[in-house]
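One-letter residues, chain by chain:
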Amino acid sequence: MTKQNGLQDAGAAANQTRSARTAHIAEPNMPFVEFIILMALLMSLAALCTDAIMPAFSVIGTEFGHSSPQELQKIITIFFAGLAIGQLIYGPLSDQIGRKSGMFIGLVIFIIGNLLSWFSTSFEMLLLGRFLQGFGVAGPRIVMIALIRDLYAGREMARIMSFVMGLFIFVPALAPISGQTIMAISGWRSVFFAFILLASIGGVWLGLRQNETLHASKRIKVTPANLWRNTKIVFSTPSCLGYMVAVGFVQGPFMLYLSTAQHLFQSTYGLGTLFPFAFAGLAFSLGFASFLNSRLVLRFGMRYLVRRALIAMATIAVIGLVCTLPFGFVPPLWMLFLIFSPLFLCTGLLFGNMNTLAMEEVGNVAGMASAWIGAVSTLIAMTIATVMGQVYDGSVLALLGSFMIGSAITLLLTIFTERWRERRDREML
């Protein structure tokens, strides 16, 4: 009995230690619904830039003479390369100049990248514009997570992120349909004008309605010493490092899907102009999962949901490989939806929870932490998508294989991370 009481006391002390690290440092200043919509709009710019341009792949390939699936995948991967690099800049920058200023700088660069792509005269110029789009949109995407961490912590942050991710998914789910409509009216280049318009709306809305969440007394000057100290904090915090890497292995298979979806639906399944509707149908599973998570996380907790979702994802991927084998890994369309809808449901449960777990204990260096989490996870995901994209053959083999391997590795990473965190908490007592 004494030993059990001692363990309970140790657990309570550890919880108090973690609570001290995750204390709120600011208060929301706008209505809850408005805050969620604004954050979702700013975050969805990255997904919109990925999804809305997909229906234009074949037209772009014909115009610039780069029509192979591997070449067209660069339109997606170069964007994520800019996103990964940009995140390392905006995170620590926002720790010094504030969250809003960091977002504004990113939005300006994002608009410049869209202008370059809009007036591109070569495939290389288009890719440069896409890189700048990714580099710019990294500002609102990564700083937004730090801003939310300024306001919320723990399960409440996971709940907020679930609402944001839910809207974030539902909006881009319709992006290919919107992109195809814009193309039909005024050509594929006009899609970039739509991005500029949305970025401008988000920037003005942010400037007028959202207060700065990082008080001047809490700001950290960008110096080599501070960068090194805060980086050590990020990489020595078990939950941050472990979930940072784990997020990359979850995002990788989904990024592969994004870069191959247009070819899969239009070439393999011959859907043509119906591709955006098929894409939207699967994307709704992600959005639904995010809204569902906002209710489940308060009851079961983030770690429980992450563990169960990873086990389910690995199981579904294995079943999918077995069921599609007789079809040469090109199953009927109804079977593809039957397999990938629950896969994306699991993915939706993972995104918000794992990012929150990564940020849970590093709220005092939220900008730097969100930068490293975003950059490392994106680079891992981009590497997975690029490597697996080279073996993509028009079937679902590479996709299901990446989901199976990625979820298994992520499950092992989360188990190791939790044991490391628990051991550290015991040593701190």
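Bear in mind that the values here come from a model prediction, so they are computed numbers and not experimental data.

K.L.:
Can you tell me about the packing of aromatic side chains, naming the residues and giving the values?
P.N.:
Under the criterion given, the structure shown has 23 aromatic pairs. Their ring planes at 80 degrees and their centres at 5.0 Å tell us that Phe235 and Trp372 sit as a pair that is edge-to-face. Remark: Trp372 occurs in helix α16 (residues 366-390) and Phe235 occurs in helix α11 (residues 224-236); sequence separation between them is 137 residues. Here Phe344 and Phe403 contribute two aromatic rings whose centre-to-centre distance is 6.1 Å and whose plane-to-plane angle is 50 degrees, an arrangement assigned as tilted. Placement of Phe344 in helix α15 (residues 333-359) and of Phe403 in helix α17 (residues 397-428) is noted, with a sequence separation of 59 residues between them. We note that Phe344, like Phe403, is buried. By way of ring pairs, the aromatic residues Phe254, Tyr257, Phe265, Phe275, Phe279, Phe340, Phe344, Phe351 and Phe403 are connected into one cluster.

K.L.:
Explain the side chain of Thr414 residue by residue, including any values.
P.N.:
Along the polypeptide, Thr414 turns up in helix α17. The exposure class of Thr414 is buried, given its relative accessible area of 3%. Ignoring anything within four residues of it in the chain, the contact list for Thr414 reads Tyr243, Ala246, Val306, Arg307 and Leu310.

K.L.:
Can you explain the environment of Gly363? Please cite residues and give values.
P.N.:
Position of Gly363 among the secondary structure elements: in the loop between α15 and α16. Measuring from C-alpha to C-alpha, the distance between Gly363 and Ile148 comes to 10 Å, with 215 residues separating the pair along the chain.

K.L.:
Report on unusual backbone geometry, specifying residues and quantitative values.
P.N.:
With a phi angle near 60 degrees, Phe329 is a residue other than glycine that sits in the positive phi range. With respect to the element layout, Phe329 can be found in the loop between α14 (302-324) and α15. The class of Phe329 is buried, set by a relative accessible area of 18%.

K.L.:
Give a detailed account of the pattern of salt bridges, specifying residues and quantitative values.
P.N.:
Per the counting criterion, the structure on display carries 11 salt bridges. Here Arg99 and Asp150 are joined by a salt bridge, their closest N and O atoms 2.8 Å apart. Taken together, the positions of Arg99 in helix α6 (residues 99-118) and Asp150 in helix α7 (residues 123-151) put the pair 51 residues apart, joining distant regions of the chain. By relative accessible area, which is 1% here, Arg99 ends up buried. Across the pair Glu360 and Arg303 runs a salt bridge, and its minimum N-O distance is 2.9 Å. Highlighted residues: Glu360 in the loop between α15 and α16 and Arg303 in helix α14, separated in sequence by 57 residues. Take Arg303: its relative accessible area is 26%, and that puts it in the partly exposed class.

K.L.:
Lay out a nonpolar patch on the surface with the relevant residues and their values.
P.N.:
Together, Phe32, Val33 and Ile37 give the surface a local cluster of nonpolar side chains, amounting to about 250 Å² of exposed area. Secondary-structure assignment places Ile37 in helix α2 (residues 32-51). For Ile37, a relative accessible area of 38% translates into the label partly exposed.

K.L.:
Could you give an account of α7, naming the residues involved and the relevant values?
P.N.:
An ideal rise of 1.5 Å per residue puts 42 Å on 29 residues; α7 measures up with 42 Å between its terminal C-alpha atoms. Of all the bends in α7, the greatest reaches close to 30 degrees and is centred on Ala138; the proline Pro140 follows between one and four positions later. α7 sits mainly inside the fold: 24 of its 29 residues count as buried.

K.L.:
Describe the packing of helix α5 (residues 74-97) against α6, naming the residues involved and giving the relevant values.
P.N.:
Where α5 contacts α6, the axes come no closer than 7 Å and their chain directions differ by 135 degrees. The angle between the axes of α5 and α6 places the two elements in the oblique class. Read as a crossing pair, α5 and α6 show a hand that is right-handed. In this structure, α5 uses Tyr90, Leu93, Ser94, Asp95 and Ile97 to contact α6, whose residues at the interface are Arg99, Ser101, Gly102, Ile105, Gly106 and Ile109. Residue classes in the contact of α5 with α6 are distributed as five nonpolar, four polar and two charged.

K.L.:
I'd love a proper account of the environment of Leu333, names of residues and values included.
P.N.:
Here Leu333 shows up in helix α15. Owing to a relative accessible area of 28%, Leu333 belongs among the partly exposed residues under this scheme. Counting along the chain gives 64 residues from Leu333 to Tyr269, while the straight-line C-alpha distance between them is 7.4 Å. When residues no more than four places from it in sequence are discounted, the contact partners of Leu333 are Phe265, Tyr269 and Leu271.

K.L.:
Pulling in residues and values, what's your account of helix α3 (residues 57-64)?
P.N.:
Inspection of α3 places Phe57, Ile60, Gly61 and Phe64 among the buried residues, and these make up the whole buried set. With its buried residues spanning 100 degrees around the axis, α3 presents them on a single face. In this structure, the buried residues of α3 make contact with α4 (69-72), α5, α7 and α12 (238-268). Of the residues flanking the end of α3, it is Gly65, one or two places downstream, whose phi is positive at about 75 degrees.

Rules behind the numbers
Residues numbered from 1 in each chain as written. Predicted model: local features only at pLDDT ≥ 70, side-chain atom pairs only at ≥ 80, totals over all residues. Heavy atoms only, no water. Phe/Tyr/Trp six-rings, centres within 6.5 Å; stacked < 30°, edge-to-face > 60°. Helix = DSSP H or I, 4+ residues; strand = E, 2+ residues; numbered from the N terminus. Buried < 20%, exposed > 50% of the residue type's maximum accessible area, 1.4 Å probe, protein only. Contact = heavy atoms within 4.5 Å. Salt bridge = Lys/Arg side-chain N within 4 Å of Asp/Glu carboxyl O. Patch = residues over 30% accessible without salt bridge, like charges linked within 9 Å, V, L, I, M, F, W, Y side chains within 5 Å. Areas by Shrake-Rupley, 256 points an atom, 1.4 Å probe, with all protein chains shown as cover. Expected span 1.5 Å × (residues − 1). Bend = angle between axes of the 7 residues up to and from the residue. Axes fitted to C-alpha atoms, helices over the stretch in contact; angles between N-to-C directions. Parallel < 35°, antiparallel > 145°, perpendicular 65-115°, else oblique. Left-handed = near helix turned anticlockwise from the far one by under 90°. Nonpolar A, V, L, I, M, F, W, Y, C, P; charged D, E, K, R; others polar. Arc of directions from axis to C-beta.

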